[in-house]
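# Structural description and commentary
Each chain, letter by letter, is given below.
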Amino acid sequence: MRLIRIVLFVKVLLITAVMSAAVVGTVRGVIHDPQHRPVADAMVMIKAKTSDWAATTNSDANGDFVFNAVPLGEFIVSVSGLGFEQTQQDVMVTSSSQPVLHFALNVAGSKETVNVSATAEGAPTDSQTPTTVVDRQQIARAPGADRTNSMAMITNYVPGSYMVHDQLHIRGGHQISWLVDGVPVPNTNIASNIGPQFDPKDIDYLQVSRGGYGAEFGDRTYGVFNVVPRTGFERNREAELVLSAGNFYQTNDQFSFGSHSERLAYYASVNANRSNLGIETPVPQVVHDATNGYGGFGSVIFNANPSDQLRLVTSFRRDYYQIPYDPFPFDLENGLVNGELTGQYPSLNLRDGDHEADAVANISWVHTFNSKMLMTVSPFYHYNSANYDGSLSDPIVTTDHRASNYAGGQLSFSANVKRNDLQVGLYSFYQRNNELLGATFNDGSGNALKVTERPTGNLTSFFLDDKFKPASWLTLSVGARPTHFSGGVTENSVSPRFGVALNVPKLKWTFRASYGHYYQPPPLLTASGPLLQFANNNNLAFTAIHGERDEESQFGVNIPWRGWVIDADTFQTNASNFFDHNNIGESNLFFPLTVERAHIRGWELTLRSPRLAHRAQVHVSYSNQVAWAGGAISGGLTDFSSLDWGPLDHDQRHTLNIGADVTLPWRAYLSTNVYYGSGFVNAFPDEPYPGDYLPGHTSFDLTLGKDFGERFSASVSALNVANRRYLIDNSVTFGGFHWNSPREVFVELRYRFQY
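## Overview of the overall build of the chain
Tallying secondary structure elements over the chain gives 3 helices and 43 strands in all. Against the globule reference of 27 Å for 755 residues, the chain gives a C-alpha radius of gyration of 26 Å, in line with a compact fold. Projected onto the principal axes, the alpha-carbon positions of the chain cover approximately 95 × 60 × 50 Å. Long-range contacts, defined as pairs at least 24 residues apart, comprise 68% of the intrachain contacts of the chain with a sequence gap of at least 6.

Here it is in structure tokens:
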């Protein structure tokens, strides 16, 4: 009998995929007069758009200026010189870009003015990496995006991203990486945790990178999420209370506070949530699906002196999920015949639950040697656990307790030498797992087993990357990332990376292209004693898992036009030893495996408008992709068979999101999102849906909010307004069928006050 959901030993080594991104960025520029002569000693100020963070400097004799240790986000750079008109430019600082601004000052009194604005929605002009940046206002206003366990802040804005079998997928895979302030959050346990790494309400900016990485990035090909957290620079001894309530007895609450001085900024929060609607259900009805959790977050930034900055980030969370089941005996999933469950994924008698816990702590020391050299040192620790427990009345009572401890750090050094931006770094961690696997076969199908394992592993990566600008409109990137992994196997890899970004003068169109190799280390897989015997009894075996090796190429263009920004790209990924997972017999106990090869290709489009009539802003994200795999099962849990070449269970050809944010009179606003998916792979054609793919599906979300003065605001949201229900997938992953969530309606109140 198959259980609803249990993932055992799914330990794909996520963390090397984590990019060794910079904790902070650098903004450079040059200032000229109308005759293109350098302007010395001009005052330059950079200020964050959404907080009080600011810094000032003066241009040198060559008209050059530089700001080091700039946090990631949106900024305004203003320049004023004696005898010249003041001017300014907007700039987005990301971990994949090192912007260079050019200011041409007009003589004071001239009728001409200069107001160059590079909007935040535009991609960096010196990077080959397609990037989407989502800010805290978008998170707060997008329907349901600020809820603790929501991924809408990603799926609403990032092309090719969607939720299926309770997991976020992007670009054909679910091996994604989380960073906070550019520091990796290692987690090698793929598909065992639900929800985002951090509460969206604690995020100031979310930077999503989709392939095309330089060598300073890690090896997670599919998607990297860099969280820029709240810091306290956006507050002045201010606290905020967020309360919500809605159907399914749901609530999602948070209390936060923060402040800053010239040298110190701090932010802290605590949150709690519960609902009778937790994860995706195997039937349209909501049965045994309650969830609850709590957590907290903290951030401290201390400027010890002009050259040294210390940053501390901590977070913790605990969550519990009931595992829903199908209560109807004669459904296809259960298939009750003569007292025997013969369906596709029976779950009639299961009442399982999942407890999860997570804690993160990292410290970063940012040291500025001079205007051209910067160093960051970031030790980190991460604890993650997922404990799955079957009910004592289950036909097969499964216990899977896993706790993972990670300790390590990253060191990076950057230098600007003439036209070169050089980055050198080291990233390393040590991992120890504590795992308990037990199974009791109340149905008599096997002998009880209980196995304890404590596997360990370590990884070390070195990266060297150089961005060379032979001209102001051209950036060439080349680098390499050697990696050594030691765990169940010992492997070495060298991953070369190449990229180019070309900015067409006057048009301001940016063409980009990249080619790179990636190595993803294997999970820590061990199997011995009764567990190994159990597999052998089911005609299965365990073989060594080797790392996944990917080859990716892509080409894209970014087109700004009168405040509109269009970004399009096409990509192709070829993988060997593609990470997946399989189950043992009818137990639904999942173990990692590798498939001989996979091929993922597609093209993506995003569109963002300016503020139309100073009130409305529209965004569109579209993806067309194919994700296929096949060949021999090359490692892990295997029956030594081969898979027919065909689509993966999360393959969906067309994904579209259209959203709008509208400012209404009387300090009110309206935010919407329409999602369309063409349908995932149909695991059982003609039962009951015809064809190889499930039917397409569409849903509509809506939020209406209003500010009452400076301290109080309220909003009402409706998700899946039409209450349209559809089957998302019927694959083996997580035990069977998954339907979308029914209509949810909830009210959210925010109250801000000084302390």
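## Description of the pattern of salt bridges
What the rule picks out here adds up to 23 salt bridges. For Arg512, the salt bridge is made with Asp567, and the minimal N-O distance between the two is 2.7 Å. Of this pair, Arg512 sits in strand β30 (residues 510-520) while Asp567 is found in strand β33 (residues 564-583), placing the two residues 55 residues apart along the sequence. Grouping residues by exposure puts Arg512 and Asp567 together as buried. Salt bridges linked by common partners bring Arg171, Arg210, Arg512, Glu552, Asp567, Asp569 and Glu604 together as one network.

## Quick look at the sheet that holds strand β3 (residues 54-58)
Sheet architecture is open: 4 strands sit in the order β3-β2-β5-β6, paired in antiparallel fashion. Edge positions in the sheet fall to β3 and β6 (87-93), since each of these pairs with one other strand and no more. Each strand of the sheet is rotated relative to its neighbour by a mean of 20°, with strand direction disregarded. Bridge analysis of strand β5 (residues 73-80) against β6 gives 7 bridges, and the strand direction is antiparallel. Bridged to Val77 within β6 is Gln89.

## Here's the deal with the side chain of Asn577
Note that Asn577 resides in strand β33. At 3.4 Å, the side chain of Asn577 forms a polar contact with the backbone oxygen of Gly547. For Asn577, the contacting residues outside a window of four places in its chain are His546, Gly547, Glu548, Thr594, Val595, Glu596 and Ser634.

## Considerations on the nonpolar core
Met153, Ile154, Trp178, Leu206 and Phe225 are the most contacted members of the largest nonpolar core, which totals 38 residues. Counting residues per element, this core draws most heavily on strand β34 (residues 590-608), which supplies 4 residues. Beyond its immediate stretch of four places on either side in the chain, Leu206 contacts Thr132, Val133, Val134, Met153, Ile154, Trp178, Phe225, Asn226 and Val227. Counting 27 residues, the second-largest nonpolar core is a separate cluster that includes Ala48, Leu72, Val79 and Met92.

## What to know about the pairing of strand β2 (residues 43-48)
Side chains of β2 alternate between two faces, with Val44, Ile46 and Ala48 buried and Met43, Met45 and Lys47 left unburied. As judged from the 5 bridges shared by β2 and β3, these two strands associate in the antiparallel manner. Bridge pairing in β3 places Met43 opposite Asn58. Taken together, β2 and the strand that follows it, β3, pair antiparallel across an intervening segment of 5 residues.

## A closer look at the sheet that holds strand β14 (residues 223-229)
Read across the open sheet, the 5 strands follow the order β8-β13-β14-β11-β12; overall the sheet is mixed. Strands with a single pairing partner mark the edges of an open sheet, and in this sheet they are β8 (131-135) and β12 (183-184). Note that strand β11 (residues 176-180) and β14 share 5 bridges and pair parallel. Opposite Ser177, over in β14, you have Val224 as the bridge partner.

## Focus on the packing of aromatic side chains
Enumeration according to the criterion identifies 24 aromatic pairs in this entry. Ring geometry for Phe198 versus Phe297: centroids 6.1 Å apart, planes at 90°, classification edge-to-face. One end of the pair, Phe198, is in the loop between β12 and β13 (203-209); the other, Phe297, is in strand β18 (residues 291-305), with 99 residues separating them in the sequence. Ring-pair connections join several aromatic residues into one group, and the members of that group are Phe255, Phe257, Tyr266, Tyr751, Phe753 and Tyr755. Against the face of Tyr669 rests Arg141, its NZ or CZ located 4.2 Å from the ring centre. Its end group placed over the ring of Phe571, Arg171 keeps NZ or CZ at 4.0 Å from the ring centre.

## Concerning unusual backbone geometry
Residues Glu687 and Pro688 are joined by a peptide bond in cis, for which omega reads 0°. On the secondary structure map, Pro688 appears in the loop between β38 (668-677) and β39 (697-708). The residue Asn720 is not glycine, and still its phi comes out positive at about 55°. Within the fold, Asn720 resides in the loop between β40 (712-719) and β41 (727-729). Positive phi values are uncommon outside glycine, yet Asn723 reaches one of about 55°.

## Description of the pairing of strand β22 (residues 353-370)
Within a regular beta strand, the side chains point alternately toward one face of the sheet and then the other, so they alternate between its two faces. Note that strand β19 (residues 308-322) and β22 share 15 bridges and pair antiparallel. Looking at β22, one finds that Asp308 is bridged to His367. Alignment of β22 against strand β23 (residues 373-389), held across 15 bridges, turns out to be antiparallel. Among the inter-strand pairings, Asn370 is bridged to a residue of β23, identified as Met373. Count of turn residues in the β22/β23 antiparallel hairpin: 2 residues.

## Structural notes on the environment of Asn384
With respect to the helices, strands and loops of the structure, Asn384 is situated in strand β23. Separated by 318 residues in sequence, Asn384 and Val66 have C-alpha atoms that sit 40 Å apart. One polar contact links Asn384 to Asp358, side chain to side chain, over a distance of 2.9 Å. Only 2.9 Å separates the side chain of Asn384 from the side chain of Arg402, close enough to count as a polar contact.

## Here we look at the environment of Asp692
With respect to the helices, strands and loops of the structure, Asp692 is situated in the loop between β38 and β39. Setting aside residues no more than four positions away along its own chain, Asp692 makes contact with Val681, Asn682 and Pro685.

## Some details on the confidence of the model for the chain
Detail in the predicted coordinates should be disregarded across regions flagged by low pLDDT. This prediction gives the chain a mean pLDDT of 87; 91% of its residues lie at or above 70. Low confidence marks residues 1-21, where pLDDT is under 50. Its contacts with residues over four positions away, or in another chain, come to 159 contacts.

## Topic: the environment of Ala513
With respect to the element layout, Ala513 can be found in strand β30. For Ala513, a relative accessible area of 24% corresponds to the partly exposed category. Expressed as a C-alpha distance, the spacing of Ala513 and Arg743, which sit 230 residues apart in the sequence, is 42 Å. Excluding residues within four positions of it along the chain, Ala513 makes contact with Gln128, Phe498, Gly499, Val500, Gln554 and Phe555.

Rules used in this analysis
Residues numbered from 1 in each chain as written. Predicted model: local features only at pLDDT ≥ 70, side-chain atom pairs only at ≥ 80, totals over all residues. Heavy atoms only, no water. Helix = DSSP H or I, 4+ residues; strand = E, 2+ residues; numbered from the N terminus. Rg over C-alpha atoms; globule rule 2.2 N^0.38 Å. Contact = heavy atoms within 4.5 Å. Salt bridge = Lys/Arg side-chain N within 4 Å of Asp/Glu carboxyl O. Buried < 20%, exposed > 50% of the residue type's maximum accessible area, 1.4 Å probe, protein only. Pairing = 2+ DSSP bridges. Axes fitted to C-alpha atoms, helices over the stretch in contact; angles between N-to-C directions. Polar contact = N/O pair within 3.5 Å; in protein donor to acceptor, adjacent residues only side chain to side chain. Core = buried A, V, L, I, M, F, W, Y, C linked by side-chain atoms within 4.5 Å. Phe/Tyr/Trp six-rings, centres within 6.5 Å; stacked < 30°, edge-to-face > 60°. Lys NZ or Arg CZ within 6 Å of the ring centre and 35° of its normal. pLDDT = per-residue confidence, 0-100.

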